[in-house]
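Structural overview
Letter by letter, the chains look like this.
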Amino acid sequence: MPASDASTGYFDYPRPEVVALVPASARRVLDIGCASGALGAALKEREPREVWGIEINAEVAERARGRLDQVLVGDALSLGATLEDGGFDAVVMADSLEHIADTRAVLALVRRLLTADGKLIVSLPNVRHWSILRMLLAGDWQYAEAGIMDSTHLRFFTLRSATRTLKDAGFSVEHAEGTKIASTAPEGFLEGLKTVLEAQSLNASSLTQEAELYQFLLVCSKAERG
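What you see is a predicted model; the values in this text were computed from it and never measured.

Brief notes about the overall build of the protein
Check the secondary structure of the protein and you find nine helices and seven strands. Relative to the 2.2 N^0.38 estimate, which gives 17 Å for 226 residues, the radius of gyration of the protein is 18 Å and therefore close to what a compact globule would have. Dimensions of the protein, computed from C-alpha atoms along their principal axes, come out at roughly 55 × 45 × 30 Å. The contacts of the protein with a sequence gap of at least 6 include a subset with a gap of at least 24, amounting to 70%. Within the structure as shown, the protein displays about 11,100 Å² of accessible surface, and the carbon and sulfur contribution to it stands at 52%.

Brief notes about helix H8 (residues 189-199)
Those residues of H8 that fall on the buried side of the exposure criterion are Phe189, Leu190 and Leu193. Taken end-on, H8 shows its buried residues confined to a sector of 85°, consistent with a single buried face. Facing away from the buried surface of H8 by more than 90 degrees, the exposed residues are Thr195 and Ala199. On the buried face of H8, the contacting elements are helix H6 (130-137) and helix H9 (207-210). Once H8 ends, the next one or two residues include Ser201, with phi positive near 65°.

A few points about the layout of surface pockets
In this structure, the second largest pocket occupies an estimated 240 Å³ of space. Arg128, Thr158, Leu159, Arg160, Leu197, Leu202, Asn203, Ala204, Ser206 and Glu210 together form the lining of the second largest pocket. Classifying every residue of the lining of the second largest pocket by side-chain character gives four nonpolar, three polar and three charged.

Some remarks on the pairing of strand S5 (residues 114-125)
Counted residue by residue, S5 has 10 buried out of 12 residues, so it is predominantly covered. Of the pairings in the sheet, the one linking strand S4 (residues 88-94) to S5 comprises six bridges and is parallel in character. Bridging across to S5, Ala94 finds its partner in Ser123. Taking the sense of rotation as the criterion, the β-α-β connection linking S4, helix H5 (residues 103-113) and S5 turns out right-handed. In this structure, S5 lies alongside strand S7 (residues 215-222), joined through seven bridges in antiparallel fashion. When the sheet's bridge partners are listed, Ile121 is paired in S7 with Val219.

Criteria and thresholds
- Residues numbered from 1 in each chain as written.
- Predicted model: local features only at pLDDT ≥ 70, side-chain atom pairs only at ≥ 80, totals over all residues.
- Heavy atoms only, no water.
- Helix = DSSP H or I, 4+ residues; strand = E, 2+ residues; numbered from the N terminus.
- Rg over C-alpha atoms; globule rule 2.2 N^0.38 Å.
- Contact = heavy atoms within 4.5 Å.
- Areas by Shrake-Rupley, 256 points an atom, 1.4 Å probe, with all protein chains shown as cover.
- Buried < 20%, exposed > 50% of the residue type's maximum accessible area, 1.4 Å probe, protein only.
- Arc of directions from axis to C-beta.
- 1 Å grid on protein atoms, 1.4 Å probe; cavity = no way out; pocket = protein on both sides within 12 Å on 5 of 7 lines; lining within 4 Å.
- Points joined across faces, edges and corners; volume = space filled by probe spheres on them.
- Nonpolar A, V, L, I, M, F, W, Y, C, P; charged D, E, K, R; others polar.
- Pairing = 2+ DSSP bridges.
- Right-handed = clockwise from strand over helix to strand, strands pointing away.

Keep in mind these values describe shape, not function.
Okay, structure coming up:
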């Protein structure tokens, strides 16, 4: 959905599956891409805590101001540079990382902002979803107003590439899970594709399970650097 369309519920979903992964012990949380603050409000309702937000869309950020303790409007990299080192017990990036061009820089920023035992909670759309594979095999790559192929997405991730990106940025993935949507792959599609891939000596052992996941939810900690 276009970022300019603030009239719908696109920006107002509390993301309970993400909220559930934020540690109860996190007293100060930064939500990068906080939208209208629904997720942060849910966090504050669950436990007493301070929640800050960063949001590039000024219209929805104004709505977030009534829900969160502090809302910064603008680019995450520029605004994040003004925040103190180790100032947050948790950072949430719920479907925002794929909208940022400089993945390495924003993850370096997040690492700096987290306390030594702080957690990064990431939600990412899965480009290995069966619907995307089917589209590619049909020779197409079509953007949409929302979803995995949202026209504002700048980066695309599989579980393996997301884990590698986070590891390269100095994080360890402690927990990974996925969400599904109501529609499922056409009968026999993934099994047939797996057979073809394995015939080409490609490891497709995770295909049938991973391709049913619409998005990944990852909980990360700061890895020690040698």
